[in-house]
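# Close look at the chain arrangement
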Number of protein chains: 2
Amino acid sequence: MSLRHAVLGLLARSPSTGYELTRRFDLSLRTAWHAQHSQIYPALAKLEEAGMVEVVARGARNSKTYDITDAGREELERWLVLEEPDRSQRNESALRLFLGQLLAPDERRTVFDRDLAYVEQQDRELRALRDALEPDEPFAAQVDLGLRTNRVLIDWLREQAERT
Amino acid sequence: MSLRHAVLGLLARSPSTGYELTRRFDLSLRTAWHAQHSQIYPALAKLEEAGMVEVVARGARNSKTYDITDAGREELERWLVLEEPDRSQRNESALRLFLGQLLAPDERRTVFDRDLAYVEQQDRELRALRDALEPDEPFAAQVDLGLRTNRVLIDWLREQAERT
DNA sequence: GTTGACATGTAACAAGTTACATGATTGA
DNA sequence: TCAATCATGTAACTTGTTACATGTCAAC
């Protein structure tokens, strides 16, 4: 289960409430993993039961801030280094790109243009994020990878549009 | 449910048995969607019930070859053009790249090197596939996108290794 | 006082994985 | 005849989604 390890990883970067984790999945982890709050709260409960995270603070609105424990860090490291990665992917946008080739040119154009607009918007947001970051922060490398991947996608989508 | 549309799309390219679809998910759809045979057979049954696919041949070993129907083509087109894409992604490899930044340099090196080896292998296979393809086939564009994305990933992983 | 963001949870259902189960055909 | 591959299916379980449910706090 990658969700549990994703949660451990986010907490290793900084302690958070379940609510904050939900937003962090949508921000920093957007292109890697996705989870709703209805999955995150039970996951936190299980990780706490297993001694891999702990509540380190209780704040306003009954919020609970979790942090990773040493056992959690150990498990995260074990998973990253020793466990064979699951290489399977699920990416509906990529599926649509693939299936879009079946459409008539005008329909394909509609579908690809919508995609292009989305990726360009994501790209602008990622650029803004990069500009707000210290270049030596480890996270900057991730943002950089995202920007390069976007570049490839944008170019490809534009070429496809031209060929229509 | 994207699986049903992925199946429709593959059948629209060419009729297949459930067994062949399972392999085609692992080959042409590897970077977009993943499905096991235990999911594909029930999906085909449901699509047949809904009149979107039909059995067009029965061969050796009790095999059933399915093809997409007009209703299926219509549904696929409707889904591609009218339905709002689900942009959420699940990509364990990307998650590991992200979490890998938490590791000590030597461990990170191990993890990233394993990834680099995998992506390079994929890249060789994709190159071979491209070389066996007519350049004007629609599928060639998809392969080209895959090759460009691989290039970005390989470069990034090598840079990360150098900086260690 | 009421709207909106913060905050946490559960229940019912759908999708996906792993393991089980069976049998046909081909080639060595 | 034995192993490998082709071929289809189901059952038990886990993961993920959608909808429901509740309450806090700050700003207007």
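In this text the structure is predicted, and so the values were computed from the model without any measurement. (Residues numbered from 1 in each chain as written. Chains lettered and ligands numbered in written order. Predicted model: local features only at pLDDT ≥ 70, side-chain atom pairs only at ≥ 80, totals over all residues. Heavy atoms only, no water.)

## So, the overall build of chain A
Counting secondary structure elements, chain A contains seven helices and three strands. For chain A, whose C-alpha radius of gyration is 19 Å, the value lies well above the compact-globule estimate of 15 Å for 164 residues. Out of the 164 residues in chain A, the part that is buried amounts to 47%. Total accessible area on chain A is roughly 8600 Å²; 49% of this is exposed by carbon and sulfur atoms. Taken together, the 24 basic and 29 acidic charged side chains of chain A have centroids lying 3 Å from each other. (Helix = DSSP H or I, 4+ residues; strand = E, 2+ residues; numbered from the N terminus. Rg over C-alpha atoms; globule rule 2.2 N^0.38 Å. Buried < 20%, exposed > 50% of the residue type's maximum accessible area, 1.4 Å probe, protein only. Areas by Shrake-Rupley, 256 points an atom, 1.4 Å probe, with all protein chains shown as cover. Lys, Arg positive; Asp, Glu negative; His and termini not counted. Charge placed at Lys NZ, Arg CZ, Asp CG, Glu CD.)

## Some remarks on the protein's contact with DNA strand C
What surrounds DNA strand C is a group of 20 residues, the closest being A:Y19, A:Y41, B:M1, B:S38 and B:Q39. Near the protein, meaning within 4 Å, the atoms of DNA strand C are sugar or phosphate in a fraction of 67%, with bases accounting for the rest. Contact between DNA strand C and A:G18: a phosphate oxygen at 3.4 Å from a main-chain N or O atom of the residue. In the model, a sugar or linking oxygen of DNA strand C is placed 3.0 Å from a nitrogen or oxygen of the A:R90 side chain. Counted by class, the surface near DNA strand C contains five nonpolar, 10 polar and five charged residues. (Near = heavy atom within 4 Å. Polar contact = N/O pair within 3.5 Å; in protein donor to acceptor, adjacent residues only side chain to side chain. Nonpolar A, V, L, I, M, F, W, Y, C, P; charged D, E, K, R; others polar.)

## Here we look at the protein's contact with DNA strand D
Surrounding DNA strand D, one finds 20 residues, the nearest of these being A:M1, A:S38, A:Q39, B:Y19 and B:Y41. Per the 4 Å cut-off to the protein, sugar and phosphate atoms form 70% of the nearby atoms of DNA strand D. Take B:G18: an N or O atom from its main chain is 3.4 Å from a phosphate oxygen of DNA strand D. When contributions to the surface near DNA strand D are tallied by element, the ones reaching two or more residues are α1 (2–13) and α3 (37–49) of chain A together with α2 (18–27) and α3 (37–49) of chain B. Of all the elements, α3(B) adds the most residues to the surface near DNA strand D, at three residues. Along the lines of polarity and charge, the residues of the surface near DNA strand D split into five nonpolar, 10 polar and five charged.

## Observations concerning the packing of aromatic side chains
By the definition in use, this model includes four aromatic pairs over all chains. Ring plane angle 45 degrees and centroid distance 5.9 Å describe the contact between B:F112 and B:W156, whose orientation is recorded as tilted. Placement of B:F112 in helix α6 (residues 105–131) and of B:W156 in helix α7 (residues 138–162) is noted, with a sequence separation of 44 residues between them. The same class applies to B:F112 and to B:W156, which are both buried. Positioned above the aromatic ring of B:F98, the side-chain terminus of A:R13 is 4.2 Å from the ring centre. (Phe/Tyr/Trp six-rings, centres within 6.5 Å; stacked < 30°, edge-to-face > 60°. Lys NZ or Arg CZ within 6 Å of the ring centre and 35° of its normal.)

## Some remarks on the pattern of salt bridges
Overall, the coordinates contain 26 salt bridges over all chains when judged by the stated rule. Between B:E92 and B:R96 there is a salt bridge, with its nearest N and O atoms 2.9 Å apart. Of this pair, B:E92 and B:R96 both sit in helix α5 (residues 92–100), separated by four residues, roughly a single helical turn. A network of salt bridges, in which partner residues are shared, links A:D144, A:R148, B:E159 and B:R163. (Salt bridge = Lys/Arg side-chain N within 4 Å of Asp/Glu carboxyl O.)

## A word on the interface of chain B and chain A
Facing 59 residues of chain B, the contacting portion of chain A comprises 60 residues. Carbon and sulfur atoms make up 59% of the area that chain B and chain A hide from each other, which totals about 6200 Å². Looking at the side of chain B facing chain A, the largest losses of area belong to B:R87, B:R90 and B:F98, adding up to 14% of the total buried there. The tally of links from chain B across to chain A stands at four salt bridges. (Contact = heavy atoms within 4.5 Å. Buried area = accessible area lost by both parts, 1.4 Å probe.)

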